[in-house]
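Below are the chains, spelled out letter by letter.
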Amino acid sequence: MAHIIVVGNEKGGAGKSTVSMHVATALARMGHKISALDLDLRQRTFGRYVENRVAFLKKTGLALASPVIKELPEIAPESLKPGENIYDHRLSAAVAELEPDNDFILIDCPGSHTRLSQVAHSLADTLITPLNDSFVDFDLLARTDASGDKILGPSVYSEMVWNARQLRAQAGLTPIDWVVVRNRMGAQRMVNKEKMERAINNLSKRIGFRIAPGFSERVVFRELFPRGLTLLDLKDIGVKQLNISNVAARQELRDLVKALELPGVTADF
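Residues numbered from 1 in each chain as written. Predicted model: local features only at pLDDT ≥ 70, side-chain atom pairs only at ≥ 80, totals over all residues. Heavy atoms only, no water.

**A short note on the environment of arginine 42**
Alright, step 1. Note that arginine 42 resides in the loop between β2 (34-38) and α2 (45-60).
Alright, step 2. Judged by relative accessible area, arginine 42 falls into the exposed class, the value being 78%.
Alright, step 3. Here the alpha-carbon distance between arginine 42 and aspartate 255, two residues 213 residues apart in the chain, equals 32 Å. (Helix = DSSP H or I, 4+ residues; strand = E, 2+ residues; numbered from the N terminus. Buried < 20%, exposed > 50% of the residue type's maximum accessible area, 1.4 Å probe, protein only.)

Laid out in structure tokens, this is it:
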């Protein structure tokens, strides 16, 4: 049975699609069979990323390991029973089709609360939540006092994850391994960074998630999107010598994949 990875955060701009594409491509390059679903049915940033990759590889004749993006199947409304939600059936049908033939299924959620996202979280074996290193983004997880030092209570997204955990427990499934990934962390020891570190460490103990290092802000991510490429593909397309920023970014990806502790994955790339 495939291990389901859900990348979710109800706030846009946290780096979900970049994390999704790099994790999915890393797994594919390590020889794992991985398919993916993009639940942002409007913007489809992750889906477009994979489609750009397919088009680039076709144009250049390169053969690079890649995730396979799948669309949600259509469900006939008349087949639903009273009270059933069509999006529940579309997602469950997609997962049921992919599970037998894949090692991993990666589901990229939209940056907003939707029924599809809610159901996807309840399916997660591993939940990755990219989070910009800012109290603006932290507010999605928990409310703090004016100083940022005291946590007043969980916020909307944490409550949704809690509900997903409850649903899995009721179904007798294994608990969600929730990993919060800190993106765009500053290199310097600033007061805000230190406050964020204290707050997120405190919250992780209260509501039960692990913390993993993410990606720094780098121009290369925006440059790679039109061709659907990742940091792991640079040498394959003829880049003979990586610059310091690219080398550092590759190490960040290696550290992230290792921190996820996915079954059968050694982060050897």
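**Quick look at the nonpolar core**
Alright, step 1. Within the largest apolar cluster, 43 residues are counted, with the highest numbers of intra-cluster contacts made by Leu27, Leu106 and Leu256.
Alright, step 2. Of all the secondary-structure elements, those providing two or more residues to this core are β1 (3-7), α1 (16-29), β2, α2, β4 (104-108), β8 (177-183), α8 (219-224) and α9 (244-260).
Alright, step 3. By residue number, the principal contributor to this core is α1, which donates seven residues.
Alright, step 4. Apart from the residues within four sequence positions on either side, leucine 106 is in contact with Ile5, Val7, Ser20, Val23, Ala24, Ile34, Ser35, Ala36, Leu37 and Phe46.
Alright, step 5. Grouped together as the second largest cluster of nonpolar side chains are 36 residues, Leu91, Leu140, Ala164 and Val180 included. (Core = buried A, V, L, I, M, F, W, Y, C linked by side-chain atoms within 4.5 Å. Contact = heavy atoms within 4.5 Å.)

**Concerning the side chain of threonine 126**
Alright, step 1. Within the fold, threonine 126 resides in strand β5 (residues 126-132).
Alright, step 2. Side-chain polar atoms of threonine 126 contact the side chain of histidine 3, separated by 2.7 Å.
Alright, step 3. When residues no more than four places from it in sequence are discounted, the contact partners of threonine 126 are His3, Ile4, Ile5, Val6, Asp177 and Leu262. (Polar contact = N/O pair within 3.5 Å; in protein donor to acceptor, adjacent residues only side chain to side chain.)

**Some remarks on the pairing of β4**
Along any regular strand the residues' side chains alternate between the sheet's two faces.
Alright, step 1. When you tally the buried positions in β4, you get five out of five residues, the bulk of the element.
Alright, step 2. Both faces of β4 are covered, namely the face carrying Phe104, Leu106 and Asp108 and the face carrying Ile105 and Ile107.
Alright, step 3. Where β1 and β4 come together, five bridges link them in parallel fashion. Of the residues in β4, the one forming a bridge with isoleucine 5 is leucine 106.
Alright, step 4. Across five bridges, β2 lies against β4 in parallel orientation. Bridge assignment links leucine 37 to a residue of β4, and that residue is isoleucine 107. (Pairing = 2+ DSSP bridges.)

**Details of the sheet that holds β4**
Alright, step 1. Across the sheet, which stays open at both edges, the seven strands sit in the order β3-β2-β4-β1-β5-β8-β9 with parallel pairing between neighbours. Edge positions in the open sheet fall to β3 (68-70) and β9 (210-213), since each of these has one partner strand only. Between one strand and the next, the sheet's axes are offset by a mean angle of 25 degrees, whatever the strand orientation.
Alright, step 2. Running over the sheet, helix α3 (residues 86-98) touches β1, β2, β3 and β4 and is turned about 170 degrees from β2.
Alright, step 3. Sitting on the sheet, α9 is in contact with β5, β8 and β9, with an inclination near 160 degrees to β9. (Axes fitted to C-alpha atoms, helices over the stretch in contact; angles between N-to-C directions.)

**Here's the deal with α9**
Alright, step 1. Under the 1.5 Å per step criterion, the end-to-end length of α9 is 25 Å for 17 residues, consistent within 8% with the ideal 24 Å.
Alright, step 2. Every buried residue of α9 is accounted for by Asn246, Ala249, Arg250, Glu252, Leu253, Leu256, Val257, Ala259 and Leu260.
Alright, step 3. Elements that come into contact with the buried residues of α9 comprise α1, β5, β8, β9 and α8.
Alright, step 4. Capping the start of α9 is the job of one residue whose side-chain oxygen sits 3.1 Å from the backbone nitrogen of serine 245: asparagine 243.
Alright, step 5. With its phi angle positive at about 55 degrees, glutamate 261 sits one or two positions after the end of α9. (Expected span 1.5 Å × (residues − 1).)

**What about the packing of aromatic side chains?**
Alright, step 1. Under the definition given, this model contains five aromatic pairs.
Alright, step 2. Ring geometry for phenylalanine 215 and phenylalanine 221: centres 5.0 Å apart, planes at 50 degrees, overall tilted. Across the pair, phenylalanine 221 and phenylalanine 215 agree in class, each one buried.
Alright, step 3. Following the ring pairs from residue to residue traces out a cluster consisting of Tyr157, Trp178 and Phe209. (Phe/Tyr/Trp six-rings, centres within 6.5 Å; stacked < 30°, edge-to-face > 60°.)

**Focus on the packing of α3 against helix α4 (residues 115-123)**
Alright, step 1. At their nearest, the axes of α3 and α4 sit 9 Å apart, and the two run at 40 degrees to each other. One way to sum up the angle between α3 and α4 is to call them oblique. Judged by the sense of rotation from one axis to the other, the crossing of α3 with α4 is right-handed. On α4, the residues touching Tyr87, Asp88, Leu91 and Val95 of α3 are Arg115, Leu116, Val119, Ala120 and Leu123.
Alright, step 2. Partitioning the contact of α3 with α4 into residue classes produces seven nonpolar, no polar and two charged. (Parallel < 35°, antiparallel > 145°, perpendicular 65-115°, else oblique. Left-handed = near helix turned anticlockwise from the far one by under 90°. Nonpolar A, V, L, I, M, F, W, Y, C, P; charged D, E, K, R; others polar.)

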